[in-house]
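For reference, the chains in residue letters:
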Amino acid sequence: MLVVCLIFFFAMAVVHLSLFHYQAAQRQSQSLRALEAAQSGLAEVVRRLSLDPRVGRTPLLVSEDLQGARYEVRFGPGQSVNNLAGFLPQTGWRGRSVPAHCAHLVAEGFSPGGGHRLIEAVVHLEALPCPVQSMGGVIGHAMTVAGASSAELFESDGARLPGSIYGGSGVWLDGIGVVTGGIRTPGNAAVASSVLVTGKVEEHAEPLEVPNLDITTFDNASTPGVRVLTSGTYSGILPLRGSVYVEGDVKFVGPVMLDSAMIYVGNGGNLEVDGLMTGKGTVFVTGKTVISAGVMVNDGSQIAIFSQKDLTVSNQGLPLVSVFQGVLYSHGKISLGPAVTVLGAVISRADLEFAGLNQIVSIPEHSAFASFWLARGAGGAPMKLDYWAELP
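In this text, all values refer to a predicted model and were calculated from it rather than measured experimentally. Counting of residues starts from 1 at the beginning of each chain's written sequence and follows it residue by residue. A pLDDT threshold of at least 70 governs which residues receive local features in this predicted model, and a stricter bar of 80 or more applies before side-chain atom pairs are shown or counted, although totals over entire chains, interfaces and linings include all residues. To get the side-chain values, all heavy atoms of the structure are used, and hydrogens and water are removed first.

Novice: Just to check I follow, could you spell out the overall build of the protein for this structure?
Specialist: Where helices and strands are cited, they refer to DSSP runs of H or I of at least four residues and of E of at least two residues respectively, numbered from the N terminus. For the protein, the helix and strand inventory stands at three helices and 33 strands. Between the two quantities, the radius of gyration covers C-alpha atoms and the globule rule is 2.2 Å times the number of residues to the power 0.38. For 392 residues, the compact-globule formula gives about 21 Å, and the C-alpha radius of gyration of the protein, at 27 Å, lies well above that figure. Principal-axis analysis of the C-alpha atoms gives the protein an extent of 110 × 55 × 35 Å. In the protein, which comprises 392 residues, the proportion classed as buried is 48%. Accessible area of the protein: about 17800 Å², with a carbon and sulfur share of 57%. For the protein, the centre of its 24 positive side-chain charges and the centre of its 31 negative side-chain charges are spaced 7 Å apart. Between buried and exposed lies partly exposed: a residue is buried under 20% and exposed over 50% of the maximum accessible area for its type, with that area taken using a 1.4 Å probe on protein chains only. Exposure was quantified through the Shrake-Rupley algorithm and a 1.4 Å probe, taking into account, for residues, occlusion by the shown protein chains and nothing else. Neither His nor the chain ends contribute to the count of charged residues, in which Lys and Arg are positive and Asp and Glu negative. In this description, the location of a charge corresponds to atom NZ of lysine, CZ of arginine, CG of aspartate or CD of glutamate.

Novice: What exactly am I supposed to notice about the sheet that holds strand β23 (residues 271-274) here?
Specialist: Sheet strands line up and pair through hydrogen bonds in the backbone, either parallel or antiparallel. Taken together, 10 strands build an open sheet; the order of strands is β15-β12-β9-β31-β29-β27-β25-β23-β21-β19 and the sheet is parallel. Each of the sheet's edge strands pairs with one partner strand only, and the pair in question is β15 (188-191) and β19 (232-235). Adjacent strand axes in the sheet meet at a mean angle of 5°, parallel and antiparallel pairs treated alike. Here, strands pair whenever DSSP counts at least two bridges between them. Note: strand β25 (residues 289-293) against strand β27 (residues 311-315), five bridges, orientation parallel. Residue pairing in the sheet places Ala-293 in a bridge with Asn-315 of β27. Between the N-to-C directions of two axes lies an angle of 0 to 180 degrees, each axis being a line fitted to C-alpha atoms and, for a helix, fitted only over the stretch in contact.

Novice: Just checking my understanding: could you explain the pairing of strand β9 (residues 137-141) for this structure?
Specialist: Successive side chains on a regular strand alternate, one facing one side of the sheet and the next facing the other. Pairing analysis gives five bridges linking β9 to strand β12 (residues 170-174), with the strands arranged parallel. When the bridges of β12 are listed, Ile-139 appears paired with Trp-172. In the sheet, β9 pairs with strand β31 (residues 352-354) via three bridges, with the strands oriented parallel. Pairing of Gly-140 across the sheet is with Phe-354, part of β31.

Novice: It is not clear to me how the nonpolar core should be interpreted in this structure. Could you clarify?
Specialist: Most often, soluble globular proteins keep nonpolar side chains buried together rather than apart. Nonpolar core, defined: a set of buried Ala, Val, Leu, Ile, Met, Phe, Trp, Tyr and Cys residues in which side-chain atoms within 4.5 Å join the residues together. With 47 residues, the main nonpolar core has Leu-49, Leu-105, Leu-213, Phe-284 and Phe-306 as its most contacted residues. Working rule for contacts: check all heavy atoms of both residues, and any pair within 4.5 Å makes them a contact. Dropping the residues within four chain positions of it, Phe-306 is found in contact with Leu-213, Ile-215, Thr-282, Val-283, Phe-284, Val-285, Tyr-329, Ala-370, Trp-373 and Leu-374. Among the nonpolar cores identified, the runner-up in size contains 45 residues, and Leu-173, Val-250, Val-273 and Val-285 belong to it.

Novice: Got a minute to help me understand the pattern of salt bridges in this structure?
Specialist: Working definition: two side chains of opposite charge can pair if their charged atoms are close together. By salt bridge we mean one thing: a side-chain nitrogen of Lys or Arg within 4 Å of a carboxyl oxygen of Asp or Glu. Enumeration according to the criterion identifies 12 salt bridges in this entry. When the shortest N-O distance is used, the salt bridge between Arg-48 and Glu-44 registers 2.8 Å. With a gap of four residues between them, Arg-48 and Glu-44 both fall in helix α1 (residues 2-51), about one helical turn apart. For Arg-48, a relative accessible area of 31% gives the class partly exposed. The shortest N-O distance in the salt bridge between Glu-72 and Arg-70 comes to 3.4 Å. Among the residues examined, Arg-70 registers a relative accessible area of 29% and is labelled partly exposed. Linked by salt bridges that have partners in common, Glu-44, Arg-47 and Arg-48 make up one network.

Novice: Help me understand the packing of aromatic side chains, please; the structure alone is not making it clear to me.
Specialist: Aromatic rings in a pair are described by how distant their centres are and how their planes are angled relative to each other. Note on aromatic pairs: the rings of Phe, Tyr and Trp (six-membered ring only in Trp) are paired at centre separations within 6.5 Å, and the planes decide the class, stacked below 30 degrees, edge-to-face beyond 60, tilted for the rest. Scanning the model with the defined rule gives eight aromatic pairs in all. Ring centres 4.3 Å apart and planes at 10° place the aromatic pair Phe-218 and Phe-284 in the stacked group. With Phe-218 in the loop between β17 (201-202) and β18 (227-229) and Phe-284 in strand β24 (residues 277-285), this residue pair connects regions lying 66 residues apart in the sequence. A relative accessible area of 0% means that Phe-284 is categorised as buried. Here the aromatic rings of Phe-372 and Trp-373 are separated by 5.0 Å at their centres, their planes lie at 85°, and the arrangement is edge-to-face. Of the two residues, Phe-372 and Trp-373, neither departs from the other in class, the shared state being buried. A network of ring pairs unites the aromatic residues Phe-218, Phe-284, Phe-306, Tyr-329, Phe-372 and Trp-373 as a single cluster.

Novice: What's the story with the side chain of Thr-286 in this structure? I'm lost.
Specialist: As for its placement among the helices and strands, Thr-286 is situated in the loop between β24 and β25. Judged by relative accessible area, which is 12%, Thr-286 ranks as buried. What qualifies as a polar contact is a pair of N or O atoms within 3.5 Å, subject to a donor-acceptor requirement within protein and to the restriction that residues adjacent in sequence count only when both atoms come from side chains. For Thr-286, the side chain forms a polar contact with the main-chain oxygen of Val-265, separated by 2.7 Å. Looking at Thr-286, its side chain comes within polar contact range of the main-chain nitrogen of Gly-269, at 3.2 Å.

Novice: Where do I start with the environment of Ser-222 in this structure?
Specialist: Looking at the secondary structure, you find Ser-222 in the loop between β17 and β18. In this structure Ser-222 comes out as exposed when scored by relative accessible area, which is 70%.

Novice: What is the right way to look at the side chain of Gln-302 in this model?
Specialist: By the element assignment, Gln-302 lies in strand β26 (residues 302-307). Residue Gln-302 is classed as buried on the basis of its relative accessible area, which comes to 7%. Sequence-distant contacts of Gln-302, that is, excluding residues within four places in its chain, are made with Phe-87, His-101, Gly-279, Lys-280, Gly-281, Gln-325, Glu-365, His-366 and Phe-369.

Spatial relationships are all this shows, so hold off on functional conclusions.
Now the structure itself:
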């Protein structure tokens, strides 16, 4: 009898142990399914952001059932935050600070057996591949093209990272110059021996795609609360904030101070700025653009100018250097006068011409916000994953 009891209790112990391992395996399996669902949610939101970087700018739930499992990614106060177009940090999930030009994504995964996993990720739009890009020719005299990881390091240590040139129909460089990256063109590259190129010079290469921005998609005339300016000349200090619509040709004489501004010059109007342009904002011009700038300093400004026709930046402060911080883009020709430095990028769907003593320095923080507009108006752009982790 004792032996029978011992066998019975041993059998029960084996059953309980097997049941425990089975339940543990089930819990692990359900937890893994929930994690996979959450990862699928992140992948789907990143895909959507790549196609349209405005996704999640307003409250939104992205969810899907996956054969019993499910994911949810919620955008709204205290949840996931799309700050890709922002100039300042925003507060997101559990009080986290979301940097400018980034999106913080929080995805929940659920399994049919009660598994639940929570993961987060920080993503941003890919930086512009070359600080100098043109579908036409690139002509430069005594110019420097380089890169720096930040404006702070550029000030303290100079531009030590690669910066490259792409010219769709050819590249012609002379004078004493430096290109810390490479030169690529489907055409010919004529580079004087006085120009130091540390990367490869690739001629007759496969063409690269230069962003084709549809400027008219940013017409903000009907935006609620938009400030409307009539055509004409505006003198003195002009602060511009939020959405601004200009009805046609406009000239600003004096400092133009942008405060998270989005300016649209409509009706084929031309923009002329005779003075400094500082602050943070984006300018869309349906005509020509002329910036007759004095000496601009490295003051934290971030400005993107998108022009439908030719864009010219001259320097009235010679022999001092004039500094533009941000991105210059045009469907027409872009011309930079002597001693004009751009900390960001210069992109033309036509030709680029640099008059001399120009520096073009790729600095991500000065061009990242422009990637939002280029992605939105030119068919999307890839996202880059900065960080991801599982949350308790």
